[in-house]
Amino acid sequence: MMSSNYFIIGFVLIPLLGFLISLLIPANREKSLASLAFYLLALNGLALVAFSFWWLVSNPVPMNFREWSLYDSKEYTFVIDFYFDAVSCVYLLVGALISLLVVRFSRYYLHREPGYKRYFNTILFFYLAYNFTVLSGNFETLFAGWEMLGISSFLLIAFYRDRYLPVRNSLKVFSIYRIGDVGILLAMWGMHHLWHQNIFFSELVDSNAVSAHISKHVVFSSFIGLSILLAASAKSALVPFSSWLPRAMEGPTPSSAIFYGSLSVHFGLFLLMRTEHFWQHLDGLRWTIGVLGFFTAAIGFLVARVQVTVKSQIAYASITQIGIMVLELALGLEKLVLFHFAGNAFLRTYQLLVSPSIISYVIRDQTYHAEKEVRSNFFNSGRLACSYYLLALKEWNLEAFLNRVVFRNIKLIGRRLDFFTPMNVAFIVFPLYALGVWLLVNREQLPAEVLRYLPGLFAFFAMIMVFKSFSERRYPRLAWVMVVMAHFWVYLSISFNEMLTLQQSVLYLGGIISGGVLGLIALNLLRKREREFFDLNAYYGHYYEYPRLAALLFIAVLSVMGFPVSSTFLGEDLVFSHIHEDQYVLAIFNSIMYIVGGISLIRIFARLFWGPHIKTYHSRTLKSA
C-alpha cells in the first residue's frame, strides 16, 4: 500500500517537476523544452502503465489515499485526497498517451513560433492539472484541479494574444467555465451539509448507505445533483453551453487536439461518472441527464453537418459523441462509456492533427468526383429541411440564448449602477460597509427577524458590486476595487451567521488584500504610462511594451479570484462551510459573486494587456485574423 501511495503521488509530482523546470529554460532553447516535455511525459506514462498492470493483476479494487491536510478544524477540514479506480485508470492512460503524441507533434509544428516556450509551459501545466483532477478523491481536491484546467484552457485559447478573435473567444470560454464553477461550489456546499462532513468519493461507492441517506433528504439531494449537472454541462459543452467549443479552437491545432478534441472536453463526463453513485438514486435527475445527453447529441449532429471549417465540424462531432456518452451513463453503461471515451479521444486527436491536410484532400475529391445525387426523404425535404438547416446554421441560437439570459442581464443591472463613480464609491460604499460593521457589532440588540435577512442582504450587495464591475468600461481601477470590496461584503454577510476565527479571516482576506494591493499597483503604474489608452472599451495589447506589468496583474488576478496560488482558495471553501443548510439564497448569491467577479478580473487583464496593439507603429494583426 505504501509503494502504491508513492506511485500515485508520482503521477502528480512528475508533471509538476517538468512544469517548474520548463520555466527555467530560456525561450530560445526549443529542443531542450520539447525534449523535457516529451521524456517526462514518457516517464510518467511508463510508470502509469506499470502501476495499472500491477493493479489489474493483483487486486483491482478502488484505492483511496489521504495525503495532506491543508486545514483542519472541528467545523471544516480541507484534505488533498487521491483516489484510483477504473475510471481514473482509463482517463490517466488515455491522457498520458495523447499528451505524449501531441507534445511530439508540437515540437515540429510550432518550430520558430514566438510563443514556443509559453506553449510548452502551458501544456505541462495542463497535464499536471489533468492528473490532479483525475486522481482527486473529494470535491475540494477536484475543484483545485478544475480551476487549474480552466486557467490553462484560457491561456492556450489566447495563445495568439496579439489577435482579436483568440482573446475575445478565450474570454467567452472562460466565462462559460465560470458558470460551471457555480455548480461545483454549490455541490461542495450541499455535500458538506448533507453528510455534515467532507465527503470522499470512496464513500459514495456504498450504494445502500447513500440511498438511505438520500431518501431522507430528496429535495436537498436533487439540488446537489442539479448543481453537479450544471458544472458538467458547462465543462463538456452540453446543451445549452455547446456553442463555446468551436470558439475554443482559436488556439494552435495541437492544443485544440489535446484540450477540446480529446481530454479537457470530457471532464464534465468525468464529473458525472465520479458522482454516479450519488445521482443514480434520483430517478428524476437520471432522466434529466439522459434527455440532456440525447438533445446534445441530436443538435450536435445537425450543426456539425453545416459547418464550413474543419475544426468546427470536429468540435460538434465531438459534442455529439459526448451527448451519446452522457445518455449511456444515464442508462448505467459505465464500462461502455469508458470504452467510448477512449475511442472518441483518440479519433478526435487524429482528426485535428491532420485537419490541415484534410482540406487539400477534400478539394481534390471535389475536383475529380462528380456531385452525388441527394435522395429526398421526410427529413431533408420541404419546410422541415429548411427549418433544421437554418437552425443548424445558427447553431440553434445557443450562444445568443446564453448572452440574452445570463450576460446581457448582468450588464443591464450593472449599467443601472453607473452613478457609482470613483468619488461616489468613497461616499456611498464605504459608509454603508461601516454601517454593516456597526450592525454586526451590535447584532445581539437586533430583532431575530432582522438578523435572519441580513446575511442575504449583504451577499446581495456583494453580487451587485461585481455586476457593476462586469459592466464598467471607463474606470479599470474602479472595476478592480469593486471586486475586492465585494469579498469584504461576503465576509461581513458570513459573520452574521458565525464569526470567523482570526486564522480563518487571515486565510480568506489575506489573499484578497495582497492580490488587491498588487493589482492596484500594476494598474496605477500602467495608467501613469498610458493615460490615453487606459479604459475597458477596447483591447489595447499593452503586454507588448509592459510584459512585467502584465505578469504582475495576472498574478494579482489569480490571487483575488481564488486560484490555488493564494490562501483565498481555502478561504472560499471556509466561507461556504459557514453558510447554513437552509440558506439557499445566501449560497447562490455568494457563488454568483465569486464567478462573475472572476470573469470581471480576467476581462480587465485581457482588455488592457492582450489583443492587437493600439499603437500603430507596432505590427498589428487584422481584427478578423
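Residues numbered from 1 in each chain as written. Predicted model: local features only at pLDDT ≥ 70, side-chain atom pairs only at ≥ 80, totals over all residues. Heavy atoms only, no water.

Asker: How should the overall build of the protein be read in this particular structure?
Answerer: What the protein contains, in helices and strands, is 25 helices and 2 strands. With respect to the three principal axes, the spread of C-alpha positions in the protein is 85 × 70 × 60 Å. Burial status across the protein gives 58% buried among its 625 residues. Once local pairs closer than 6 in sequence are excluded, the contacts in the protein between residues at least 24 apart make up 79%. Averaging the positions of the 49 positive and the 36 negative side-chain charges in the protein gives two centres separated by 11 Å. (Helix = DSSP H or I, 4+ residues; strand = E, 2+ residues; numbered from the N terminus. Buried < 20%, exposed > 50% of the residue type's maximum accessible area, 1.4 Å probe, protein only. Contact = heavy atoms within 4.5 Å. Lys, Arg positive; Asp, Glu negative; His and termini not counted. Charge placed at Lys NZ, Arg CZ, Asp CG, Glu CD.)

Asker: I tried to follow the confidence of the model for the protein on my own but got confused; where do I start?
Answerer: Detailed conclusions should not be drawn from predicted coordinates in areas where pLDDT is low. Chain-level statistics for the protein give a pLDDT mean of 88 and a share of 94% at 70 or above. When mean pLDDT is compared element by element in the protein, helix α11 (residues 267-274) scores highest at 96, while helix α16 (residues 355-368) scores lowest at 63. (pLDDT = per-residue confidence, 0-100.)

Asker: Explanation requested: the layout of surface pockets in the structure shown.
Answerer: Rolled over the atoms, a probe with the dimensions of a water molecule shows which regions are left empty. Estimates place the volume of the largest pocket at around 1200 Å³. The wall of the largest pocket is formed by 40 residues, among which F19, F125, F554, L558 and F563 lie closest to the centre. (1 Å grid on protein atoms, 1.4 Å probe; cavity = no way out; pocket = protein on both sides within 12 Å on 5 of 7 lines; lining within 4 Å. Points joined across faces, edges and corners; volume = space filled by probe spheres on them.)

Asker: Please clarify how the side chain of D573 should be interpreted in this entry.
Answerer: In this structure, D573 sits in helix α24 (residues 568-577). R178 provides the closest opposite charge to the buried, salt-bridge-free D573, at an N-O distance of 11 Å. (Salt bridge = Lys/Arg side-chain N within 4 Å of Asp/Glu carboxyl O.)

Asker: Would you mind going over unusual backbone geometry with me for this structure?
Answerer: With the exception of glycine, most residues fall at negative phi, and the peptide bonds are largely trans. Cis geometry marks the peptide bond from V239 to P240, where omega comes out at 10°. Here P240 is to be found in the loop between α8 (218-235) and α9 (244-247). Of note in this structure, R112 is not a glycine but carries a positive phi near 65°. Of note, A237 is a non-glycine position whose phi angle comes to about 60°, a positive value. Here A237 shows up in the loop between α8 and α9.

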